There are 2 protein chains.
Amino acid sequence: MPISFKIDEDVMAMEYAVRGPIPHKALQMKRQGRDVIFCNIGNPHALGQKPLTYYRQVLSLLEDPFRIVRERSIMSKLDAADRMPYQILDLCDELLGKMETGLGAYTESKGLLFIREAVAAYIDRRDSVANPDFVPADPDRVFVTNGASEGAKYVIEMLLADRQDGIMIPIPQYPLYSAAIRKHGGVQVNYYPDEDAGWTLSREMLESAYGSAQADGVCVKCIVAINPGNPTGAVLDRQSIVDVIGFAEAHGLAIIADEVYQENTYGAEFLSFARMLGKRDVPLFSLHSVSKGFHGECGHRGGYLEVRNAPRIEGCDSSFIDVLLKQVSVSLCSNTAGQVLTYLLVSPPEEESEIYDQFILEKTTILDDLHAKAAMIKEAFKKMDGVECFGEIGAMYLFPRLNKLPEGSTDFDYCMALLEETGLCTVNGSGFGQSEGTQHLRIAFLPPREMLEDVLPRWIAFHNDYVCA
Amino acid sequence: MPISFKIDEDVMAMEYAVRGPIPHKALQMKRQGRDVIFCNIGNPHALGQKPLTYYRQVLSLLEDPFRIVRERSIMSKLDAADRMPYQILDLCDELLGKMETGLGAYTESKGLLFIREAVAAYIDRRDSVANPDFVPADPDRVFVTNGASEGAKYVIEMLLADRQDGIMIPIPQYPLYSAAIRKHGGVQVNYYPDEDAGWTLSREMLESAYGSAQADGVCVKCIVAINPGNPTGAVLDRQSIVDVIGFAEAHGLAIIADEVYQENTYGAEFLSFARMLGKRDVPLFSLHSVSKGFHGECGHRGGYLEVRNAPRIEGCDSSFIDVLLKQVSVSLCSNTAGQVLTYLLVSPPEEESEIYDQFILEKTTILDDLHAKAAMIKEAFKKMDGVECFGEIGAMYLFPRLNKLPEGSTDFDYCMALLEETGLCTVNGSGFGQSEGTQHLRIAFLPPREMLEDVLPRWIAFHNDYVCA
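None of these values were measured; they are calculated from a predicted model. (Residues numbered from 1 in each chain as written. Chains lettered and ligands numbered in written order. Predicted model: local features only at pLDDT ≥ 70, side-chain atom pairs only at ≥ 80, totals over all residues. Heavy atoms only, no water.)

1. Examining the packing of helix H7 (residues 147-159) of chain B against helix H12 (residues 320-330) of chain B
Residue and element names in this part refer to chain B. Packing of H7 against H12 leaves a shortest axis separation of 11 Å and a crossing angle of 120°. Comparing their axes, H12 and H7 come out oblique. Viewed along their axes, H7 and H12 form a crossing whose handedness is right-handed. Of the residues in H12, those touching H7 at Tyr154, Val155, Glu157, Met158 and Leu159 are Phe320, Val323, Leu324, Gln327 and Val328. (Axes fitted to C-alpha atoms, helices over the stretch in contact; angles between N-to-C directions. Helix = DSSP H or I, 4+ residues; strand = E, 2+ residues; numbered from the N terminus. Parallel < 35°, antiparallel > 145°, perpendicular 65-115°, else oblique. Left-handed = near helix turned anticlockwise from the far one by under 90°. Contact = heavy atoms within 4.5 Å.)

Quick look at the structure:
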């Protein structure tokens, strides 16, 4: 009989549906030899998306620096197609020079300085165009992290000083936020983007959520915005962002802007919170990642956190930046392969360069393909009784509403049955939170088209059968 | 005027000396063009240690799988020395087959199954020899993590349920433990290995620390053992380990066994806690890492946590394993390059294989060199007035006692002056904790010999001057 321990109640209470019972069941089915399509998570390479040649050639050479010399020396013996481009070799020499100690050494805890400088330069290029209120990014306020999640968790942990401290999150939300708030003993304060209006935000909706929380004695510290949305895929319009910033400013809140899907807008305009913030003195924590976009390098765990208007810490002489630095120091540094990918994400090949055309071709192919697959799935929804899907296509997800589930059935039941019947693994809407009385699911639009062509008709049949039961 | 926030007091109170003011000063000096030798941290590659060819050739090919095909096709055009060994190419094909989705996809949150199986097989090979009480490791109770720190933090966070819960740690200790205990609102309960007896442990010393804590109302949940020691370098003898296990069993405690330096014993026998535990029903959390040993792959952040006798969770139907899985799920998975290195760490090339001789040569050279450098530094201590260094050489550190610091001077002052005077960056003993009235420093014995030959005489001169002041 093993001994029994009381453990931290906040850790115990935390939930994380994206890797919860449905994906767990899917894994079991796969081990039993069943065909499973993992659409429960935005994991592009797992569904056949290829890594970008540029990224991997660089990473590969940096892992084995002796090869750079070798590639130069064997060049003349090889056919043109087998040669490593000079531009890649030169870049690797340059990067190894800047890194000084290669991929095997701990870096500064914030990440290598030249990478943080490149991140700042990327933000500046992105946000300075036609922007009179432009404020440049500061490399010393950039933290290169193991994916974006790590940065979010550090900030949430710090902000939650008391058990009545709250953080506002959109519903539905990516469950990292609810999990981190729960784990660190804070209060989750929900606000509800308007689904029927394409998941837009308004000042009134934010004030209403804030007012209710205040009435319950909650001290709201921060608002999280996810743009483009996860799980909704919705791209926030200018007014929604202006509303969030004005709201945060009025109440002295910090903003966490989760912008990891900023390249996944499929033609819609992406406006960063940093850009829209301009010179206003609102603390802003912006997140980006190598896992999404057209990169899909989830396994490498790269990303960054950029801080603007870092708050002072009450009762002492430190700023948020100092304490964040202490936080990241205990983990020593984020992994170096992820740091390099973060560098490459913010430093695409220059136009007219030897490798530019291939890079653009690969990028465009991936993004066009994602868009087309999302459209295919949306088309299928039209053939499913009582399924509605709002908003433009963004991120890597669709979040349809299931209006006609049979009495007593939940979206969890539906998704579990869908998995068992068709092998399609999605996540129930309740895993992300949803307006009371509604039911949804989230599907990542990542499987190859031929896989979708096979499964969508079976899903339609399953669905129309399920809702008639 | 930026706004001011109250933040989490536990995060605020946490300290982490290894990356504290002295290394910070060192970094400033380096930016100003001064020569600095970073011995404040076990970061071998930063001080010129080369990565193992085997590790990096594999990692390099996995990052760019197209190269595996290419290497085979260009083989015939190359000189023998330029060819990639068949064994490496075959291994990479095999690994990519097992990984299914390459390095770019999220893996199972615990880490790839075949890697966890390889970890379990490694533990079994290590611990089963001449061991009638051998209990095999279970791959489902192995978690592949971003370095060893991550695993330790998860376990500590879970164990600390109440503010009076305590964890016993050796003094001196690696400050990850004090930081994690402080951050998660628990009580640090110190026990004091016997410095003059080579940092050995005894049942009495553990009982004494436990008794005092209990008298203060602390509920001790766990004892941390670091073997070989950090910062002391001491290798625990059989009796010390037996004492810790007997003590934990008697009081119903869990054990965290930090064994990241298990390859750094330089001839002394390493006995794992898992081996010594045998069939006894004591919860054991063992840690290992790719950052140390002869690998030194710190930047890649690879490692594992192995759990034995996972406790049940009080008041519910879950075990510690279930909740740990939930914890790691929120971070999705550890980075894949670190996972691959963890696999390679536990899967060295087979004897008589094409690449075995080179691997062994590189390994032996690194370990012999480390040992020789430690001996050089220990010799230098003999020429420093009032410096004593106890215990056999282990890990990557020496932790000499400074018996003759001038009145009013602390080891912090000493280390700061040493840095400013000689460029040698060490960490003051107080950063790790030490018996009252003693002063120490920790030095990583990693710099190249010629660097040591240059700095040691300057250190001796500095020291003898400092203690006479």
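2. Remarks on the domain arrangement of chain A
Residue and element names in this part refer to chain A. Partitioning chain A into domains gives domain 1 (9-48 + 359-468) and domain 2 (113-346). Taking only C-alpha atoms, the centre of domain 1 and the centre of domain 2 are 26 Å apart. Counting residues at the interface gives 38 residues for domain 1, matched by 37 residues for domain 2. Buried area between domain 1 and domain 2, both sides added, is near 3000 Å², and the carbon and sulfur share of it is 60%. Connecting domain 1 to domain 2 are five salt bridges. With a closest N to O distance of 2.8 Å, arginine 163 and aspartate 10 form a salt bridge. Linking domain 1 with domain 2 are 14 residue pairs in polar contact (both at pLDDT 80 or more). No other element matches the six residues that helix H14 (residues 356-382) contributes to the side of domain 1 that touches domain 2. A class-by-class count of the residues in the side of domain 1 that touches domain 2 yields 20 nonpolar, eleven polar and seven charged. (Domains from an automatic or database assignment. Buried area = accessible area lost by both parts, 1.4 Å probe. Salt bridge = Lys/Arg side-chain N within 4 Å of Asp/Glu carboxyl O. Polar contact = N/O pair within 3.5 Å; in protein donor to acceptor, adjacent residues only side chain to side chain. Nonpolar A, V, L, I, M, F, W, Y, C, P; charged D, E, K, R; others polar.)

3. As for the relation of the copies chain B and chain A
Between the two copies, chain B and chain A, the superposition gives an RMSD of 0.0 Å; the rotation angle is 180° and the shift along the axis is 0.0 Å. Read as a symmetry element, the transformation amounts to a two-fold axis. Among all residues of chain B, the one whose C-alpha sits closest to the rotation axis is serine 60 of chain B, at a distance of 2.1 Å. Comparing contact sets, 99% of the residues at the interface of chain B also lie at the interface in chain A, consistent with an isologous, same-surface contact. (Least-squares fit on C-alpha atoms with pLDDT ≥ 70 in both.)

4. Describing H12 of chain B
All names here are of chain B. Among the eleven residues of H12, nine are classified as buried, and the element is accordingly described as predominantly covered. By the burial criterion, the buried members of H12 are Phe320, Ile321, Val323, Leu324, Lys326, Gln327, Val328, Ser329 and Val330. Once H12 finishes, leucine 332 follows within two positions and takes phi at roughly 70°, a positive value. (Buried < 20%, exposed > 50% of the residue type's maximum accessible area, 1.4 Å probe, protein only.)

5. Regarding the interface of chain B and chain A
Contacts between chain B and chain A engage 102 residues on the former and 101 residues on the latter. Roughly 8400 Å² is buried in total at the junction of chain B and chain A, and carbon and sulfur atoms are behind 54% of that figure. Taken together, the links from chain B to chain A amount to 14 salt bridges. The partner of arginine 70 of chain A in a salt bridge is glutamate 71 of chain B, and the shortest N-O contact between them spans 2.6 Å. Where chain B touches chain A, the interface holds 50 residue pairs in polar contact (both at pLDDT 80 or more). Tallied by class, residues from the side of chain B that touches chain A come to 45 nonpolar, 26 polar and 31 charged. Where strand S1 (residues 4-5) of chain A and strand S10 (residues 312-313) of chain B come together, two bridges link them in parallel fashion. Looking across to S10 of chain B, one finds that serine 4 of chain A is bridged to arginine 312 of chain B. (Pairing = 2+ DSSP bridges.)

6. Re the environment of isoleucine 169 of chain B
All names here are of chain B. Position of isoleucine 169 relative to the elements: it lies in strand S4 (residues 165-170). The exposure class of isoleucine 169 is buried, given its relative accessible area of 0%. Distance in space between the C-alpha atoms of isoleucine 169 and glutamine 439 is 19 Å, their sequence separation being 270 residues. Setting aside its immediate chain neighbours within four residues, isoleucine 169 contacts Tyr177, Ser178, Ile181, Gln188, Val189, Asn190, Tyr191 and Val224.

7. Concerning the sheet that holds strand S16 (residues 441-444) of chain B
All names here are of chain B. Taken in spatial order, the three strands line up as S12-S16-S15 in an open sheet, and their pairing is antiparallel. Only two strands of the sheet have a single partner each, and these edge strands are strand S12 (397-398) and strand S15 (427-428). Sheet topology note: the S12/S16 ladder contains two bridges and is antiparallel. From the neighbouring strand, leucine 398 faces S16, where its bridge partner is isoleucine 443.

8. Some words on the pattern of salt bridges
Overall, the coordinates contain 70 salt bridges over all chains when judged by the stated rule. Among the charged side chains, a network of salt bridges with common partners joins Arg67, Arg70 and Glu71 of chain A together with Arg67, Arg70 and Glu71 of chain B.

9. Observations regarding the pairing of strand S9 (residues 303-308) of chain A
Within S9 of chain A, six of the six residues are buried, which leaves it mostly tucked inside the rest of the structure. Side-chain alternation along S9 of chain A places Gly303, Leu305 and Val307 of chain A on one buried face and Tyr304, Glu306 and Arg308 of chain A on a second face that is also buried.

10. A few points about the sheet that holds strand S9 (residues 303-308) of chain B
All names here are of chain B. An order of S3-S9-S8-S7-S6-S4-S5 is seen for the seven strands of this open sheet, with the pairing classed as mixed. The open sheet has two free edges, formed respectively by strand S3 (142-145) and strand S5 (187-191), since each of these has just one partner strand. The mean angle between the axes of side-by-side strands here comes to 20°, regardless of whether they run parallel or antiparallel. Pairing of S3 with S9, which is carried by four bridges, proceeds in the antiparallel orientation. Counted as the bridge partner of valine 144 is tyrosine 304 from S9. Docked against the sheet, helix H6 (residues 113-128) engages S3, strand S8 (284-289) and S9, running at close to 65° with respect to S9.

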